[in-house]
Each structure stands twice: as structure tokens, then as C-alpha cells.
Amino acid sequence: MDAIRWNADHTLSLLDQTRLPVREEWITYTEYRPVIDAIRTMVVRGAPAIGVTAAYAMVLAARQFTGTPDFGPRMDRAAAELAASRPTAVNLFWALDRMRAAAARCGGDPGALEREAVAIHREDVEMNRAMGAFGAAVVPPGARILTHCNAGALATGGYGTALGVIRAAHEQGKVSMVYADETRPLLQGARLTAYELASDGIPVTLICDDMAGALMARGQVDLVVVGCDRMAANGDFANKIGTYSLAVLARHHGIPFYTALPSSTIDLSLPDGSGIPVEQRAPEEVSAFAGTPTGPAGVSVWNPAFDVTPHQLLTGIITERGVLYPPFGQSLTERFSKV
Ligand code: MRU
């Protein structure tokens, strides 16, 4: 399964994730500006997928502007516009920095930028596969695993981070059930994770977010693994809203709690999670469901797209360079200070 395709005619196709699981529709982009809307409206979503998409958008911009006298400033503007699309996942800024550095090296040659974007995409899949191999080792035989949101092939260049770990463990015959939180308000768990796992023949049971505690109390969860949108230098991390609640529940029930992330999601410039910008989204995502109001007209809504889980609640961090254990400040610096 994949969600991002770079085509031979130098166009970008995205699987429209707002339509899943009802329809599998691809949208093709020839210019960078509509790609910004695609990120904002979550046609494409998930931290690594946003980074890969932004890299390809920079290639589209380079092809639009190549040969113009103000090529450099136009590319800078395109990068700034892309950077303003969503604030939390650091992969977006990481990918844009990498594309800017490539542009500086190659004088803005669109072919060289295209090779860089393709490399970002390919490396993301490679990192996910490495994470899967390391992460599968912490999964016990017969595991019943709980996950939140979608950190799968759809959220990345392919294979997935948290779902990459689950895929690898499933290939080793270790997974007896995956519980997918539905993930209100936008239902990435129900619409995307359940769809992705079921399509791959991995056993999945869908639950509402508020059922996770009861499931744990019944002894039906052996492990929690989630993705990550940005990790600070001490291991505090932002992920989909509801992750923090799960981490607290897991700690209360003595259940191991892992996050899986590639190095492109680590932001060592932030000492702790308090500096991670948390995106606030439209009130209608909470006060209505599929266009039908579910709250009184004009009701006040709080709708943060992410929360920050303190590192003390983490059992381990699964990365492409191995599984890290506390003290996370030290293990992150040792493995990733030269990212
Ligand atoms: O708002 P979204 O759907 O972009 O949020 C996605 C998540 O929170 C994922 O868990 C995270 O990006 C990790 S994806 C590999």
C-alpha cells in the first residue's frame, strides 16, 4: 500500500485520504500550490508523508520557475508557503531544509532536486523497514497490540512507523490482534489504520477511543505502539491527540508503551516538549460529524490536533538505529546528535 507516487512525467499523485475507506481516489498535481492545500486539508497526512510530499512539491516549484530571473526568491517563497501548511510534524521542515540545501548545491537544477526528493522518499521507506526489524524484537509472541491514529504506509513514504513494527511482528507470526483506536475527531484509526491492516490481512479490531482503558483493565493489551510527529531532545513527543491519555492508561496498567519514529522526526533543537507547536484545527471537526451538527450551534470548541506525551511515560523509542531506552536525553544525543 502507498499514498504518494512520483510519476514518470514529473507529476505528483496523492491518494486522497479524506475519501478512505469508501473510495480510493488519486489526485495528480502539476504545480506546488495545490499541494499545500492537499497537506492542509489532509488529502495527505502523517508526519513522514507530509515531508516526502513537501519535497516533491519543491520539485514541482522548481519545474514551474526554472529559467526565470527570480528563480531563487520564488523557490524561497514556495518553501515558506509549504512550511506554513501544518506546524507540528517536524518532518515537513526537515524535508524543506534538505531540498533548500540541495538547491544551493545544484544551482536549482530541477533534475537534481527531483533526485533529492526521490531519495528522501526511498530513505523513508528504508528507515521504516529498519524500525520494523528493531521494533518486532520487543513484541512478545501472541501479542495484542493497541495503536492510535494512523502511523502506517499511508502516513509515510511506505510500510509505516508504528504499523511498520506491527507489520514486521506479524510477518514473524507474533501478532494475535491489533486494536485500532478510532481516533476522534478525524477518525484516522477507523478510516485508515483499520483499512490498511485489514487490506494486508493483519487481524484488527476497531474500538472507540474511550474503550482503551476498559480493554487494558480486562488484560487484553500486551503492548502499545504509536507514531510520532515531533520528538524533543529529552524524549517528550507530540503525536495525535489522545496519545497522552493512552500513555497514562498504559502506565497505570503496567503495559509497555513505545513510539516508533525515523530520525527525520527528531528535533534536537527543542530541549523538551513544551516548545512543540501544537496545531489547532477547525471547531467544526468536533461540533459536527459528516456535516451534521453534534453540538449546539455556536458552542465553544477546543480542538488541538496533537498532544505532548512526557518521556517518563515511554518504555522505549523505536528508531531506524535501534530501540532507545531511558535516560532518553542521553540515548537520543548519542545516536542522533549528527542527524
Ligand atoms: O493529523 P495527522 O493525521 O497528520 O496525524 C498523524 C499522526 O499523529 C501520526 O501518528 C504521526 O504523524 C506519525 S505517522 C508515521
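The numbers attached to residues start from 1 for each chain and follow its sequence in the written order. Note on the predicted model: pLDDT of at least 70 is required for a residue's local features to be given, and 80 or more for side-chain atom pairs to be given and counted; whole-chain, interface and lining totals, by contrast, use all residues. Heavy atoms from the whole structure form the basis of all side-chain values; hydrogens and water molecules are not counted.

**Some remarks on the sheet that holds strand β4 (residues 143–147)**
Okay, step 1: Strand order in the open sheet formed by seven strands is β6-β5-β4-β7-β10-β14-β15, and the pairing between neighbours is mixed. Only two strands of the sheet have a single partner each, and these edge strands are β6 (204–207) and β15 (322–324). Strand-to-strand, the axes of this sheet are offset by a mean angle of 25 degrees, without reference to chain direction.
Okay, step 2: Alignment of strand β10 (residues 257–260) against strand β14 (residues 316–319), held across three bridges, turns out to be parallel. In the sheet register, Tyr258 faces β14, and the bridge partner there is Gly316. Whether two strands pair depends on DSSP finding at least two bridges between them. Numbered from the N terminus, helices here are DSSP runs of H or I no shorter than four residues, and strands are runs of E no shorter than two. For every element, the axis is a line fit to its C-alpha atoms; helices are fit only across the contacting stretch, and the angle between N-to-C directions ranges from 0 to 180 degrees.

**Remarks on unusual backbone geometry**
Okay, step 1: A cis amide bond, omega 5 degrees, links Leu20 with the succeeding residue Pro21.
Okay, step 2: Tracing the backbone shows Pro21 in the loop between β2 (12–15) and β3 (26–29).
Okay, step 3: With an omega of 5 degrees, the peptide bond between Arg184 and Pro185 qualifies as cis.
Okay, step 4: Structurally, Pro185 is set in the loop between β5 (175–181) and α7 (188–199).
Okay, step 5: For Thr183, which is not glycine, the phi torsion reads 75 degrees and is therefore positive.

**Looking at the packing of helix α3 (residues 71–83) against helix α4 (residues 91–106)**
Okay, step 1: For the pair α3 and α4, the least separation of the axes is 10 Å and the interaxial angle reads 170 degrees. Here α3 lies roughly antiparallel to α4, going by the angle between them. Along the contact surface, α3 presents Asp76, Ala79, Leu82 and Ala83, while α4 presents Leu92, Phe93, Leu96 and Arg100.
Okay, step 2: Under the scheme applied here, ten amino acids are nonpolar (Ala, Val, Leu, Ile, Met, Phe, Trp, Tyr, Cys and Pro), four are charged (Asp, Glu, Lys and Arg), and all others, including Gly, are polar. Residues that form the contact of α3 with α4 fall into these classes: six nonpolar, no polar and two charged. When an angle is under 35 degrees it counts as roughly parallel; over 145 it counts as roughly antiparallel; between 65 and 115 it counts as roughly perpendicular; any other value is oblique. Here, residues are in contact when the closest pair of their heavy atoms is within 4.5 Å.

**Here we look at the domain arrangement of the protein chain**
Okay, step 1: In this entry, domain limits derive from an automatic or database-based domain assignment. When cut into domains, the protein chain gives domain 1 (4–128) and domain 2 (132–336).
Okay, step 2: On a C-alpha basis, the centres of domain 1 and domain 2 stand 25 Å from each other.
Okay, step 3: On the side of domain 2, 34 residues touch domain 1, which itself brings 27 residues to the contact.
Okay, step 4: We define buried area as the total accessible area lost by two parts upon association, computed with a 1.4 Å probe and summed across both. Taking both partners together, domain 1 and domain 2 bury about 2,500 Å²; carbon and sulfur atoms supply 53% of that area.
Okay, step 5: Salt bridges are defined by distance alone: a side-chain nitrogen of Lys or Arg within 4 Å of a carboxyl oxygen of Asp or Glu. The interface formed by domain 1 and domain 2 holds one salt bridge in total.
Okay, step 6: A salt bridge links Arg86 to Glu279; the nearest nitrogen and oxygen atoms lie 2.8 Å apart.
Okay, step 7: Throughout this description, a polar contact denotes any pair of N or O atoms lying within 3.5 Å of each other; where both atoms belong to protein, one of them has to be capable of donating a hydrogen while the other can accept it, and for residues adjacent in sequence the pair is counted only when both atoms sit in side chains. Here domain 1 and domain 2 share 20 residue pairs in polar contact (both at pLDDT 80 or more) between them.
Okay, step 8: Those elements that place two or more of their residues in the side of domain 1 that touches domain 2 are α2 (47–65), α4 and α5 (110–136).
Okay, step 9: Counting residues per element, the side of domain 1 that touches domain 2 draws most heavily on α5, at five residues.

**Structural notes on the site of the ligand**
Okay, step 1: Here a residue is near a molecule or strand as soon as one of its heavy atoms is found within 4 Å of it. Around the ligand there are 19 residues in total, and Ala47, Arg86, Asp229, Asn239 and Lys240 lie nearest to it.
Okay, step 2: Residue Arg86 places a side-chain N or O atom 2.9 Å away from an oxygen atom belonging to the ligand.
Okay, step 3: Computed with a 1.4 Å probe, the accessible areas rest on the Shrake-Rupley method; for each residue, only the protein chains presented here act as cover. In isolation the ligand has 410 Å² of accessible area, and contact with the protein removes 100% of it.
Okay, step 4: Mapped by element, the contributors of at least two residues to the shell around the ligand are α2 and β9 (237–240).

**Overview of the side chain of Glu320**
Okay, step 1: Positionally, Glu320 belongs in the loop between β14 and β15.
Okay, step 2: Three exposure classes are used, based on accessible area relative to the maximum for each residue type with a 1.4 Å probe and protein chains only: buried under 20%, partly exposed in between, and exposed over 50%. A positive count includes Lys and Arg, and a negative count includes Asp and Glu. His and the chain ends are not counted in either. Put simply, Glu320 is tucked away with no salt bridge, and the nearest opposite charge, on Arg321, sits 4.1 Å away.

**Considering the packing of helix α6 (residues 162–171) against α7**
Any two packed helices are characterised by how steeply their axes cross, that is the angle between the axes, and by the distance between the axes.
Okay, step 1: Following both chains from N to C, one finds α6 and α7 inclined at 20 degrees, their axes separated by 12 Å at the closest point. By the criterion of interaxial angle, the relationship of α6 to α7 is roughly parallel. Regarding α6 and α7, the two cross each other, and that crossing is right-handed. Contact residues: α6 offers Leu163, Ile166 and Arg167, while α7 offers Thr193, Glu196 and Leu197.
Okay, step 2: A class-by-class count of the residues in the contact of α6 with α7 yields three nonpolar, one polar and two charged. Throughout, a crossing is termed right-handed when the near helix is turned clockwise from the far one, and left-handed when it is turned anticlockwise from it by less than a right angle.

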